[in-house]
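Report on the structure
For reference, the chains in residue letters:
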Amino acid sequence: MLPAHNRPEELIRTLRSLTQQTLPTTDFEVIVVDDGSREDARALVRESAAALSSLNLRVVRNEKASGASGARNQGARLATADLLVFLDVDCLAHPDMLAVHLATQRERRVAASGYTHGREFTPETWDLRIGGEWNWESADEVFAKAATIGLLHDPLTELLAEPRPSDWAFFWTCNVSVPRDAFEAIGGFDESFDVKGVEDVELGLRLSLAGLPTVFLPASRALHQPHPRDRHTELLRDRRNDLVLLRRHPTLEVEAVCSFDIVNARAALPALTAFRDRLAPEAADTAHLPVLPRATEILAGAESTLLIGAADAWPETLPAPSLTVGPTAEETPGRSYRLLGTRLPFEDGQTDVAVLTDYWRALPEATACRVLDEALRCARRVIVLSDVATAPPAVPDPELAAALEGAGTPFWTHTIALRREFHQFRFTALDRPAGGPNAAGASRAFTVEPADWPLTHLSGITH
């Protein structure tokens, strides 16, 4: 099944590659959903009818684009086979691609993701880094040549050699297969992703929850044809859709994928899970909050409160938090989430006030800053507590800090800046100690705002 939105040359090349499969063309059908392309794909196919005559090919057209999820679901509904293979319009199929998917699915029902050469290249970067003459009309020649070029090696080959539960995050529809009945049972692609990006990962997650793990098939290969693309916009769009994913599935595993990127999350998840399980509520509660008069006054008057930490010792005299987030939180849909807080499944400005307890002390500074930034996004006012918990952590959790030292920085920070130091915030004292450094009055509260911290190029430094 190919969803097609523009890319006319790539579409015809991809269809030609499907005529060259080792699996007989009588054993599979090809469905193209032209999703509002400028050029009608039906006319393009008619112009190449002789070259494509061996295919059992059906092309349907939407005059108005429905989006990648809708187009794929439409193609799946039209399909008659028991196995669905999704291939992007710009991905040439290796002659063995379909045969490998079929053999794999006959052996075991899985969400199978094939190997894809050159996913990130544009024509300019292809010419710069690879170059040479490529006969895009011959799949055999293209894949034989690609196999000799190290830059086209898919690093997922090694990364995914040892399966892990979070491998659903690598279910990318460049080249994937799934049993039809499993796809239909979970409702197909989520069409509320109104722009492309992450919708395939979300499907992989639901397939995993339904018992179909994602497996990687190095022998089922495709090659992404380089074409003009706006990588900056793609990165921003994916981060927007990360939040859609987290709202659908607010779990620690999904939060880690959205916060640290899929490769880093894969490495860090065991440490994140262990930290969640060993953090004591007493390290993150609000036991001494009543001694802070200005903080409690603000919270008493708030229409809605987001608590980031532990609600165990929340004062009975205050309205209960509208939302609670923290590693020790009881999971209650719509109210309480057992998350780190580095990515929150809430709308911008959803609550009046966010309160961050001494939980921040258990986190490495860069991670605590991620939590602060999310609190500032989701609340109109943020209060940070210090020495208010029953047993505030003395230092950041060493095992968590070690795990996130290498995995805590997502690949996309060259496009989306993250605050990583407390210097990037302004902390204003709200309540100061009243009973000496060792008394409960040593508890403190601060309001916090982001400091002006623009990124500067070296060429922009004049003095």
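Residues numbered from 1 in each chain as written. Predicted model: local features only at pLDDT ≥ 70, side-chain atom pairs only at ≥ 80, totals over all residues. Heavy atoms only, no water.

**What about the packing of helix H12 (residues 252-260) against helix H13 (residues 262-278)?**
Two packed helices can be described by the angle between their axes and the distance between those axes. Look at H12 against H13: their axes get within 9 Å of each other, and the N-to-C directions meet at 135°. When the axis of H12 is compared with that of H13, the two are oblique. In this structure, H12 crosses over H13, and the sense of that crossing is right-handed. Only Ile-262, Asn-264, Ala-265, Leu-269, Leu-272, Thr-273 and Arg-276 of H13 make contact with H12, whose side of the interface consists of Leu-252, Glu-253, Ala-256, Val-257 and Phe-260. Within the contact of H12 with H13, the residues separate by chemical class into eight nonpolar, two polar and two charged. (Axes fitted to C-alpha atoms, helices over the stretch in contact; angles between N-to-C directions. Helix = DSSP H or I, 4+ residues; strand = E, 2+ residues; numbered from the N terminus. Parallel < 35°, antiparallel > 145°, perpendicular 65-115°, else oblique. Left-handed = near helix turned anticlockwise from the far one by under 90°. Contact = heavy atoms within 4.5 Å. Nonpolar A, V, L, I, M, F, W, Y, C, P; charged D, E, K, R; others polar.)

**Quick look at the nonpolar core**
Of all hydrophobic cores here, the largest spans 59 residues; its most connected members are Leu-272, Leu-306 and Tyr-359. Residue contacts for Leu-306: discarding those within four places in its chain leaves Leu-323, Val-325, Leu-344, Phe-346, Thr-351, Val-353, Ala-354, Val-355 and Cys-378. One finds Ala-4, Leu-11, Val-32 and Ala-93 within the second-largest nonpolar core, a separate group that totals 25 residues. (Core = buried A, V, L, I, M, F, W, Y, C linked by side-chain atoms within 4.5 Å. Buried < 20%, exposed > 50% of the residue type's maximum accessible area, 1.4 Å probe, protein only.)

**Overview of the UniProt feature "domain: Galactosyltransferase C-terminal" (unreviewed entry) in the chain**
Within the UniProt annotation, "domain: Galactosyltransferase C-terminal" (unreviewed entry) is assigned to residues 167-223. Each end of residues 167-223 is marked by a C-alpha atom, and these two atoms are 21 Å apart; helix forms 30% of the span and strand 26%. (UniProt positions renumbered as here; feature names shortened; annotations may be inferred.)

**Some details on helix H1 (residues 8-18)**
Counting buried residues in H1 gives eight out of eleven residues, a clear majority hidden from the surface. Within H1, the full set of buried residues consists of Glu-10, Leu-11, Ile-12, Arg-13, Thr-14, Leu-15, Ser-17 and Leu-18.

**Some thoughts on the pattern of salt bridges**
Here the idea is simple: oppositely charged side chains can pair when their charged atoms come close. A full pass over the atoms with the stated rule returns 33 salt bridges. Two residues, Arg-278 and Asp-397, come together in a salt bridge whose shortest N-O distance is 2.6 Å. Here Arg-278 is found in helix H13, whereas its partner Asp-397 is found in the loop between strand E13 (379-386) and helix H16 (398-407), with 119 residues between them in sequence. The class of Arg-278 is partly exposed, set by a relative accessible area of 34%. (Salt bridge = Lys/Arg side-chain N within 4 Å of Asp/Glu carboxyl O.)

**Structural notes on the side chain of Thr-342**
Relative to the helices and strands, Thr-342 is located in the loop between strand E11 (336-337) and strand E12 (351-356). The class for Thr-342 is buried, based on a relative accessible area of 2%. Among the polar contacts listed, one links the side chain of Thr-342 to the side chain of Ser-259, at a separation of 2.7 Å. Setting aside chain neighbours within four positions, we find Thr-342 in contact with Glu-255, Ser-259, Phe-260, Thr-367, Arg-370, Val-371 and Glu-374. (Polar contact = N/O pair within 3.5 Å; in protein donor to acceptor, adjacent residues only side chain to side chain.)

**Here's the deal with the layout of surface pockets**
Of the voids in this model, the second largest pocket is the one considered here, and its volume is about 530 Å³. What lines the second largest pocket is a set of 26 residues, among which Phe-28, Ala-81, Leu-83, Leu-84 and Val-85 lie closest to the centre. Of all the secondary-structure elements, those providing two or more residues to the lining of the second largest pocket are strand E2 (29-35), strand E4 (83-87), helix H5 (97-107) and helix H9 (180-185). Top element by residues in the lining of the second largest pocket is H5. It accounts for six residues. Looking at the lining of the second largest pocket residue by residue, the classes come out as 17 nonpolar, two polar and seven charged. (1 Å grid on protein atoms, 1.4 Å probe; cavity = no way out; pocket = protein on both sides within 12 Å on 5 of 7 lines; lining within 4 Å. Points joined across faces, edges and corners; volume = space filled by probe spheres on them.)

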